[in-house]
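Listed below are the residues making up each chain.
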Amino acid sequence: MSLRFLVTGGAGFIGSAVVRKLIGETPHHVCVVDKLTYAGNLASLEPVAGSNRYRFEKADICDAGRMQAIFAEFSPDVVMHLAAESHVDRSIDGPGAFIDTNVGGTFTLLQEALRHFRALPEARKGAFRFHHISTDEVFGSLGADGLFREDTAYQPNSPYSASKAASDHLVRAWHHTYGLPTVMTNCSNNYGPYHFPEKLIPLMILNALEGKQLPVYGNGLNIRDWLYVDDHAEALLTVATRGVLGESYNIGGHNEKTNIEVVKAICAILDELRPDPAGPHERLVSYVTDRPGHDARYAIDAGKIGRELGWTPKETFETGLRRTVEWYLANTKWWGDIRSGVYRGERLGAA
Ligand SMILES: NC(=O)c1ccc[n+]([C@@H]2O[C@H](COP(=O)([O-])OP(=O)(O)OC[C@H]3O[C@@H](n4cnc5c(N)ncnc54)[C@H](O)[C@@H]3O)[C@@H](O)[C@H]2O)c1
């Protein structure tokens, strides 16, 4: 059966992976709603731009009038809400945009989704879903042991994670109070193709290729649980179509790594694929002042989505990282346009 998917933030890193999968591997129709901030990039949607099941609306999710018109015109069965300000370092420099988009924008979208849902004919109401895409950062920081579960208490520490936590609470309330059919996912750190080069993995790949320093925050021992973006996209489509209404699902890659392990792994792959006559890429590692309030460790218990919906990641960190490095080596035009324009790799969020 062909459904109509409204995907907010579809020009971003994860949203574009979801849209490429929806158009490439399913019969569904997709309308992308994206403001095209610095992080949104139509080049990431080029592989699907020619499909007659795809359309794009440049719009701000905070604009209630535009959202109402788009809901009325496209009439979605499923809303996948990924639009967000997403970079912790930027949230330290300028938290206002995070409150506006992540909190205010989610509120606007929930209101318009509810208006749309209530007006749907009974036959279509049963299929309607609002899927809110969130992060494991809402749970705060872990010590050496333990995993985030769906019932772990919220304890956000950065302006970014606080704004995402607020949006999660709104989604829960719109389900509980108004009966909006919602599902929610909280995912660990993603990596893979089309990742904006301010984030750790693409920044390190590109700096290493250009012989620039590889800035590692603090002692490099902060731990993240890494998930390949196409595995996340698969998990999101699973939850969007088969998740139980009102439930949330944690998504993770079972790949806990310290930041310095990640950087050294990238250096080793580049030494093999693109050796530097000046010496091993690891020589470029440079420890810099830590991020203020840097969470020590995130790790996900992804047991629920595995048991109940049958999802598990396909890539290991080793296979996914190699694919990622190979993609950046083969797609210099995609990142070259960014590196020569809106973002040149400068340090953000030092407060
Ligand atoms: N990247 C990760 O590791 C990760 C992990 C877990 C959860 N998430 C969540 O997944 C979602 C997508 O993350 P991402 O890494 O793809 O982010 P991204 O920054 O790459 O993309 C965000 C997209 O949202 C758009 N956008 C921003 N503000 C908007 C607005 N007001 N109106 C319309 N569009 C707007 C941007 O133009 C961009 O295309 C976010 O909600 C994020 O919190 C990300």
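Now for a description of the structure that goes with this document. The shown structure was predicted, so the numbers you read here are calculated from the model rather than taken from an experiment. (Residues numbered from 1 in each chain as written. Predicted model: local features only at pLDDT ≥ 70, side-chain atom pairs only at ≥ 80, totals over all residues. Heavy atoms only, no water.)

1. Examining the pattern of salt bridges
Step number 1: All chains considered together, the criterion is met by 21 salt bridges.
Step number 2: For arginine 66, the salt bridge is made with glutamate 57, and the minimal N-O distance between the two is 3.2 Å.
Step number 3: One network of salt bridges, in which partners are shared, links Lys21, Glu25 and Glu234. (Salt bridge = Lys/Arg side-chain N within 4 Å of Asp/Glu carboxyl O.)

2. Points about the site of the ligand
Step number 1: Around the ligand, the surrounding shell holds 28 residues, and the nearest of these are Ile14, Asp34, Ser86, Tyr160 and Lys164.
Step number 2: Measuring from an oxygen atom of the ligand, one finds a side-chain N or O atom of aspartate 34 at 2.6 Å.
Step number 3: In the model, an oxygen atom of the ligand is placed 2.6 Å from a nitrogen or oxygen of the lysine 164 side chain.
Step number 4: A total of 840 Å² of accessible area belongs to the ligand in isolation, and the protein chains cover 96% of it.
Step number 5: Residue assignment for the shell around the ligand shows that the elements contributing at least two residues are α1 (13-25), β5 (129-135) and α6 (159-178).
Step number 6: Broken down by element, the shell around the ligand gets its largest block of residues, three residues, from β5.
Step number 7: A per-class count over the shell around the ligand returns 13 nonpolar, eleven polar and four charged. (Near = heavy atom within 4 Å. Polar contact = N/O pair within 3.5 Å; in protein donor to acceptor, adjacent residues only side chain to side chain. Areas by Shrake-Rupley, 256 points an atom, 1.4 Å probe, with all protein chains shown as cover. Helix = DSSP H or I, 4+ residues; strand = E, 2+ residues; numbered from the N terminus. Nonpolar A, V, L, I, M, F, W, Y, C, P; charged D, E, K, R; others polar.)

3. Focus on the environment of threonine 316
Step number 1: With respect to the element layout, threonine 316 can be found in the loop between α10 (303-309) and α11 (317-330).
Step number 2: Residues threonine 316 and glycine 220, 96 residues apart in the sequence, show an inter-C-alpha distance of 21 Å.
Step number 3: Those residues within four positions of threonine 316 in sequence are excluded, and the remaining contacts are Tyr191 and Asn255. (Contact = heavy atoms within 4.5 Å.)

4. Concerning the environment of leucine 273
Step number 1: As for its position among the elements, leucine 273 is in helix α9 (residues 259-273).
Step number 2: Here leucine 273 falls in the partly exposed class, since its relative accessible area comes to 31%.
Step number 3: Through-space distance from the C-alpha of leucine 273 to that of glycine 306 is 35 Å; in sequence the pair is 33 residues apart.
Step number 4: Those residues in contact with leucine 273, other than ones at most four positions away along the chain, are Arg322, Val325, Glu326 and Leu329. (Buried < 20%, exposed > 50% of the residue type's maximum accessible area, 1.4 Å probe, protein only.)

5. Section: the nonpolar core
Step number 1: Ranked by size, the top nonpolar core spans 36 residues in total, and within it Phe5, Val7, Val19, Val30, Met80, Ile251 and Ile305 carry the most contacts.
Step number 2: Considering each element in turn, this core owes the most residues, seven residues, to helix α8 (residues 229-242).
Step number 3: Setting aside residues no more than four positions away along its own chain, isoleucine 251 makes contact with Thr185, Asn186, Cys187, Ser188, Leu227, His232, Ala235, Leu236, Ile300, Ala302, Ile305 and Trp311.
Step number 4: Counting 29 residues, the second largest nonpolar core, distinct from the first, contains Tyr194, Leu214, Ile266 and Val325. (Core = buried A, V, L, I, M, F, W, Y, C linked by side-chain atoms within 4.5 Å.)

6. Structural notes on the packing of aromatic side chains
Step number 1: Following the criterion strictly, the structure yields 16 aromatic pairs and no others.
Step number 2: Measuring from ring centre to ring centre gives 5.1 Å for phenylalanine 139 and phenylalanine 148, while their planes differ by 35 degrees; the resulting arrangement is tilted.
Step number 3: Taking the centre distance of 6.5 Å and the plane angle of 80 degrees together, the rings of tyrosine 328 and tryptophan 334 count as edge-to-face.
Step number 4: Classification of tryptophan 334 as buried rests on a relative accessible area of 10%.
Step number 5: Within the aromatic cluster, the residues linked to one another by ring pairs are Phe139, Phe148, Tyr154 and Tyr298.
Step number 6: Over the ring of tyrosine 38 we find arginine 90; its NZ or CZ atom is 3.7 Å from the centre of that ring.
Step number 7: Its guanidinium or amino end placed over the ring of tyrosine 249, lysine 304 lies 4.8 Å from that ring's centre, counting from NZ or CZ. (Phe/Tyr/Trp six-rings, centres within 6.5 Å; stacked < 30°, edge-to-face > 60°. Lys NZ or Arg CZ within 6 Å of the ring centre and 35° of its normal.)

7. Remarks on the packing of helix α7 (residues 200-209) against α11
Step number 1: Between α7 and α11, whose axes approach to 11 Å, the crossing angle comes to 50 degrees. On the basis of the axis angle, α7 is oblique to α11. For the element pair α7 and α11, the recorded crossing hand is right-handed. Residues Ile201, Pro202, Ile205, Leu206 and Leu209 of α7 lie in contact with α11, whose contacting residues are Phe317, Leu321, Thr324, Val325, Tyr328 and Leu329.
Step number 2: A per-class count over the contact of α7 with α11 returns ten nonpolar, one polar and no charged. (Axes fitted to C-alpha atoms, helices over the stretch in contact; angles between N-to-C directions. Parallel < 35°, antiparallel > 145°, perpendicular 65-115°, else oblique. Left-handed = near helix turned anticlockwise from the far one by under 90°.)

8. Here we look at the sheet that holds β5
Step number 1: As summarised here, the arrangement of the seven strands in space is β3-β2-β1-β4-β5-β6-β11, forming an open sheet in which the pairing is parallel. Across the chains shown, the open sheet's two edge strands, defined by having one partner strand only, are β3 (54-58) and β11 (248-251). For this sheet, the mean angle separating the axes of adjacent strands, direction not counted, is 20 degrees.
Step number 2: Of the strand pairs in this sheet, strand β1 (residues 4-8) and strand β2 (residues 29-34) are connected by five bridges, and their pairing is parallel. Across the sheet, valine 7 pairs through a bridge with valine 32, a residue of β2.
Step number 3: Across the sheet, α8 is in contact with β1, β4 (78-81), β5, β6 (182-187) and β11; its angle to β5 comes to roughly 145 degrees. (Pairing = 2+ DSSP bridges.)

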